[in-house]
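Here are the chains, one letter per residue:
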Amino acid sequence: MTTIVMTHGAFCGGWAFEAFRQPFEAAGLRVLAPDLRGHGAADAAQQVIGVSMSDYAADIAALCAGEPEPPILIGHSMGGLVSQLAARRARLRGLVLLAPSPPWGVAGSTLEEAITAFGVQMLGPFSSGAVEPDRDVMRRFSLNRMPPAEREAVVARMHAESALALRQTLNWWLDPFMTTSVGPGALPVRSLVLAGEGDIVHPPQTAAQTAARIGGAFRELPGMSHWLVGEPGWEDVADHVLRWLADEARAAA
């Protein structure tokens, strides 16, 4: 049975894929949706302090490497960047990035991205603490197409995030260690990058640059925003991914 590993974004947990995973399981795929380090429901906020993007990537790569056969890796938002980094560390059958954070060297394409990066930098250049989610920002930008009741249910489950990981992701040009670099050339796996037409967090222009950087295919999703794993229309996103995986499997046969 082919395994899919789904990697969640900042401030979230594996619960972000509770609905999104269902079409894949219905198609006969085995789905794993782990919590990133320190993001479990019972984990204290302090458990993300000092955690690096390299730590997240190493954990996901180890999970993938422990599978009997190379899995398919799906990452959303910051989890998309974790997945890109893991793709250099473990053999994969395929890589799908949903509204991914870009790797080192790919600059944002909008003023909103620059403002977000500035806001993270204001945490302090040496901060390695735990950042609580700004729920108002989440409502306005990440979850803006969610029905109110569903949006509040997601907001209520948000978890503290590593300030270090956020800084490495959003202010990569200030990182002398190039933590989020995916290395030279295309990634060694077939990949697909999807972005919502109305995504403010990681706009389609930036996602297209990410796809070009890693040597992947890019698709812009009309009418969609950032929460591709749960906002209205998520079923079409899942179907798009399943069809791409099927086409890739046929091409490899």
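What comes next concerns the included structure. (Residues numbered from 1 in each chain as written. Predicted model: local features only at pLDDT ≥ 70, side-chain atom pairs only at ≥ 80, totals over all residues. Heavy atoms only, no water.)

### What to know about the environment of R37
So, step 1. Relative to the helices and strands, R37 is located in the loop between β2 (30-32) and α2 (53-65).
So, step 2. Separated by 30 residues in the primary sequence, R37 and T7 place their C-alpha atoms 11 Å from one another.
So, step 3. When near neighbours in sequence (up to four residues on either side) are disregarded, R37 contacts V48, V51, D55, Y56 and D59.
So, step 4. At 2.9 Å, the side chain of R37 forms a polar contact with the side chain of D59. (Helix = DSSP H or I, 4+ residues; strand = E, 2+ residues; numbered from the N terminus. Contact = heavy atoms within 4.5 Å. Polar contact = N/O pair within 3.5 Å; in protein donor to acceptor, adjacent residues only side chain to side chain.)

### Thoughts on the layout of surface pockets
So, step 1. Taken as a whole, the second largest pocket holds about 280 Å³ of empty space.
So, step 2. Around the second largest pocket, the lining comprises 14 residues; the ones closest to its centre are I72, R93, L245, E248 and A249.
So, step 3. Ranked by the residues each element gives to the lining of the second largest pocket, the list is headed by helix α9 (residues 234-252), at seven residues.
So, step 4. Looking at the lining of the second largest pocket residue by residue, the class counts come to nine nonpolar, two polar and three charged. (1 Å grid on protein atoms, 1.4 Å probe; cavity = no way out; pocket = protein on both sides within 12 Å on 5 of 7 lines; lining within 4 Å. Points joined across faces, edges and corners; volume = space filled by probe spheres on them. Nonpolar A, V, L, I, M, F, W, Y, C, P; charged D, E, K, R; others polar.)

### With respect to the nonpolar core
So, step 1. Membership of the largest hydrophobic core comes to 72 residues, with the highest contact counts inside it found for F20, F24 and L98.
So, step 2. It is α9 that provides the largest number of residues to this core, a total of seven residues. (Core = buried A, V, L, I, M, F, W, Y, C linked by side-chain atoms within 4.5 Å. Buried < 20%, exposed > 50% of the residue type's maximum accessible area, 1.4 Å probe, protein only.)

### Let's talk about the sheet that holds β2
So, step 1. Reading across from one edge, β2-β1-β3-β4-β7-β8 is the order of the six strands in this open sheet, with parallel pairing throughout. Of all strands in the sheet, those with a lone pairing partner are β2 and β8 (217-221), marking the two edges. Strand-to-strand twist in this sheet, taken as the mean axis angle between neighbours without regard to direction, amounts to 20°.
So, step 2. Where α2 meets the sheet, it contacts β1 (3-7), β2 and β3 (72-76), and its direction lies at approximately 170° from that of β1. (Pairing = 2+ DSSP bridges. Axes fitted to C-alpha atoms, helices over the stretch in contact; angles between N-to-C directions.)

### Describing the pairing of β8
So, step 1. Alignment of strand β7 (residues 191-196) against β8, held across five bridges, turns out to be parallel. Note that in β8 the partner of A195 across the bridge is E220.
So, step 2. The β-α-β motif built from β7, the intervening helix α8 (residues 204-214) and the parallel element β8 has right-handed crossover chirality. (Right-handed = clockwise from strand over helix to strand, strands pointing away.)

### Notes on the packing of aromatic side chains
So, step 1. Per the stated rule, a full pass over the model turns up five aromatic pairs.
So, step 2. Here the aromatic rings of F20 and F24 are separated by 5.4 Å at their centres, their planes lie at 45°, and the arrangement is tilted.
So, step 3. On the basis of relative accessible area, F24 is assigned to the buried category, the value being 0%.
So, step 4. An aromatic cluster is defined as three or more aromatic residues linked by ring pairs; in this entry it consists of F17, F20, F24 and W234. (Phe/Tyr/Trp six-rings, centres within 6.5 Å; stacked < 30°, edge-to-face > 60°.)

### Focus on the environment of L32
So, step 1. Residue position: L32 is located in strand β2.
So, step 2. Between the alpha carbons of L32 and M6 there is a distance of 6.2 Å; along the sequence they are 26 residues apart.
So, step 3. Those residues in contact with L32 that lie beyond four places of it in its chain are T3, I4, V5, M6, L63 and E67.

Remember that the coordinates give geometry; whether it matters functionally is a separate question.
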